[in-house]
Amino acid sequence: MIESNFLADNEKILRSLKRIPVFDPFGAKELRRLLKRSKLHKYARGETIIREGRTGSWVYFLVYGEVSIARQGRVVTTTDRQGELIGEMGAIDGARRSATVVAQKETVCIATDTKQIRRLTGYDRMAYSYILYRVFAEALAERLRETTRELVETRERFSLTRLRPQRLILGLRRLMG
């Protein structure tokens, strides 16, 4: 992994962030506050970004590349969506990481250490917290909607599978008189 210095005055990164939908509601001033406490991490194909079971306070925003997300050694999903938030669950509650995240090709992330909130005071603390937690809330709401959709589809498939033998028996009874 290659790591940059903090990104406080990087206008190019700021313009890139403004093109990512999750950052759209924020003005340049708010995004500069986030960048002031963020670093750019570049990962080669196959490098681990987050390891399941470990603790950590860093969250990552995918700038470009592709990552796989695996639980207990099994890939659950992959994403290449710019702005994808990675690692927020452990950062929010301090629990061990629930998945391993690996770069599938050259990948660049903006990395932010959420522990920095505790070191801030006044308006800076409030602004930084607002940005992070609003992004967290939007990402988690989107994931909850997707999980709910998958649950409904799975339940429908399961109930259809369970009903088929019953329908077959009813059909046979009708044929037999």
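The structure presented is a predicted model; accordingly, all values stated were derived computationally and were not measured.

One recurring pattern in soluble globular proteins: nonpolar side chains tend to sit buried together. Among the nonpolar cores identified, the biggest contains 25 residues, and Leu17, Phe23, Phe61 and Leu132 are the most heavily contacted of them. Contributions of two or more residues to this core are made by α1 (11–18), α2 (28–36), β4 (58–64), β9 (107–113) and α5 (122–176). Tallying contributions element by element places α5 first for this core, with 6 residues. Look past the residues within four positions of Phe23 in its chain and what remains in contact with it is Leu17, Lys18, Leu31, Leu34, Phe61 and Val135. Formed by 11 residues, the second largest nonpolar core is a distinct cluster that contains Ile49, Val67, Ala103 and Cys109.

Pairing is antiparallel across the open sheet formed by 4 strands, whose spatial order is β3-β8-β5-β6. Unpaired on one side and paired on the other, β3 (48–50) and β6 (74–79) mark the two borders of the sheet. Neighbouring strand axes in the sheet, compared pairwise and without regard to direction, differ in orientation by 30° on average. Where strand β5 (residues 67–71) lies against β6, 5 bridges are found, and the strand directions are antiparallel. Opposite Ile69, over in β6, you have Thr77 as the bridge partner.

Attention shifts here to the layout of surface pockets. In this model, the largest pocket occupies a volume close to 960 Å³. Residue lining of the largest pocket: 33 residues in total, with Ile69, Glu84, Leu85, Glu88 and Arg143 positioned closest to the centre. Put simply, the parts of the chain that give the lining of the largest pocket at least two residues each are β5, β6, β7 (85–86), α3 (88–93) and α5. The element contributing the most residues to the lining of the largest pocket is α5, with 9 residues. When the residues that make up the lining of the largest pocket are grouped by side-chain class, the tally is 14 nonpolar, 9 polar and 10 charged.

All right, on to a nonpolar patch on the surface then. On the surface, Met89, Ile92, Tyr133 and Leu140 cluster together into a nonpolar patch covering about 340 Å² of accessible area. Those elements that place two or more of their residues in the nonpolar patch are α3 and α5. Checked against the element boundaries, Leu140 lands in helix α5. Since its relative accessible area comes to 32%, Leu140 is described here as partly exposed.

Across the 7 residues of β4, 5 count as buried, placing the element largely inside the fold. Note: β4 against β9, 6 bridges, orientation antiparallel. Bridge pairing in β9 links Val59 to Thr112. Where β4 meets β7, 2 bridges bridge the pair, whose relative direction is antiparallel. Bridge pairing links Tyr60 to Ile86 in β7.

Calculation rules
- Residues numbered from 1 in each chain as written.
- Predicted model: local features only at pLDDT ≥ 70, side-chain atom pairs only at ≥ 80, totals over all residues.
- Heavy atoms only, no water.
- Core = buried A, V, L, I, M, F, W, Y, C linked by side-chain atoms within 4.5 Å.
- Buried < 20%, exposed > 50% of the residue type's maximum accessible area, 1.4 Å probe, protein only.
- Helix = DSSP H or I, 4+ residues; strand = E, 2+ residues; numbered from the N terminus.
- Contact = heavy atoms within 4.5 Å.
- Pairing = 2+ DSSP bridges.
- Axes fitted to C-alpha atoms, helices over the stretch in contact; angles between N-to-C directions.
- 1 Å grid on protein atoms, 1.4 Å probe; cavity = no way out; pocket = protein on both sides within 12 Å on 5 of 7 lines; lining within 4 Å.
- Points joined across faces, edges and corners; volume = space filled by probe spheres on them.
- Nonpolar A, V, L, I, M, F, W, Y, C, P; charged D, E, K, R; others polar.
- Patch = residues over 30% accessible without salt bridge, like charges linked within 9 Å, V, L, I, M, F, W, Y side chains within 5 Å.
- Areas by Shrake-Rupley, 256 points an atom, 1.4 Å probe, with all protein chains shown as cover.
- Salt bridge = Lys/Arg side-chain N within 4 Å of Asp/Glu carboxyl O.

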